[in-house]
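Each chain, written out:
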Amino acid sequence: MKNVNLKYNYLKPFKNIYVIILVVFVVWMFFFDSNSWFIHKELSNDIEDLESEKAYYSKEIEKDRKALKILSSEQGLEKFAREEYYMKKDNEDIFIIEYKDSIKTDGNE
């Protein structure tokens, strides 16, 4: 008889209706509710991803503002035109020096 009592001793708390209701409520809130723990976890991960994107784009905006400030001056605009579009003044000659490893070929593109 003693073994039978020990065997069912762990079920004793589940005879109380309040414990049963509490267990059902916790299971419902963790798994089945529209505001479940899993949904909150997923939404928290989405928020973290969006905040990291926000930080990245804030840095990019600041970098673009600096570039725009440089390009708004006459010297900055001239430097950009010379470097990117190989423009020159009428009385100048431009020599473009390309190294072997900087030339794009089919093998290294």
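For the structure, check the block above.
Residues numbered from 1 in each chain as written. Predicted model: local features only at pLDDT ≥ 70, side-chain atom pairs only at ≥ 80, totals over all residues. Heavy atoms only, no water.

**Q** How would you explain the packing of aromatic side chains if you had to name every residue and give the values?
**A** As enumerated under the stated definition, the model contains 8 aromatic pairs in all. Seen in terms of ring centroids, F31 and F38 are 5.5 Å apart; in terms of plane orientation they differ by 40 degrees. Their pairing is tilted. With relative accessibility at 47%, the residue F31 sits in the partly exposed group. Both rings, one in Y56 and one in Y57, keep their centres 5.1 Å apart while their planes meet at 65 degrees; by these two values the pair is edge-to-face. Here the aromatic residues W28, F30, F31, F32, W37 and F38 are joined through ring pairs into a cluster of three or more. (Phe/Tyr/Trp six-rings, centres within 6.5 Å; stacked < 30°, edge-to-face > 60°. Buried < 20%, exposed > 50% of the residue type's maximum accessible area, 1.4 Å probe, protein only.)

**Q** Mind laying out helix α2 (residues 17-32), listing which residues take part and the relevant values?
**A** For an α-helix, 3.6 residues make a turn, and residues three or four places apart therefore share a direction. With 16 residues, α2 should reach 22 Å at 1.5 Å per residue; the first-to-last C-alpha distance of 21 Å fits that figure. Its side-chain oxygen placed 3.2 Å from the backbone nitrogen of Y18, N16 serves as the N-cap of α2. (Helix = DSSP H or I, 4+ residues; strand = E, 2+ residues; numbered from the N terminus. Expected span 1.5 Å × (residues − 1). Polar contact = N/O pair within 3.5 Å; in protein donor to acceptor, adjacent residues only side chain to side chain.)

**Q** Describe a negative patch on the surface, listing the residues and the values that go with them.
**A** On the surface, E42, D46, E48, D49, E51 and E53 cluster together to form a negatively charged patch. Within the secondary structure, E48 sits in helix α3 (residues 37-71). (Patch = residues over 30% accessible without salt bridge, like charges linked within 9 Å, V, L, I, M, F, W, Y side chains within 5 Å. Areas by Shrake-Rupley, 256 points an atom, 1.4 Å probe, with all protein chains shown as cover. Salt bridge = Lys/Arg side-chain N within 4 Å of Asp/Glu carboxyl O. Lys, Arg positive; Asp, Glu negative; His and termini not counted. Charge placed at Lys NZ, Arg CZ, Asp CG, Glu CD.)

**Q** So, the pattern of salt bridges: which residues are in play, and what are the values?
**A** This structure, assessed with the given rule, holds 4 salt bridges. K63 is the salt-bridge partner of E60, the closest N and O atoms lying 3.6 Å from each other. Of this pair, E60 and K63 both sit in helix α3, 3 residues apart, roughly one helical turn. Taking the shortest distance from any N to any O, the salt bridge between E78 and R82 comes out at 3.2 Å. Of the two residues, E78 and R82 both sit in helix α4 (residues 74-85), 4 residues apart, roughly one turn of that helix.

**Q** Break down the side chain of S36 for me, with residues and values.
**A** Mapped onto the secondary structure, S36 falls in the loop between α2 and α3. With near-sequence residues (within four places) excluded, S36 lies in contact with M29, F30 and F31. (Contact = heavy atoms within 4.5 Å.)

**Q** Kindly report on the environment of R82, identifying the contributing residues and their values.
**A** With relative accessibility at 29%, the residue R82 sits in the partly exposed group. Sequence separation between R82 and I94 is 12 residues; the distance between their C-alpha atoms is 9.5 Å. Apart from residues no more than four positions distant in its own chain, R82 is found in contact with M87, K89 and E92.

All quantities given are derived from atomic positions and should not be read as evidence of function.
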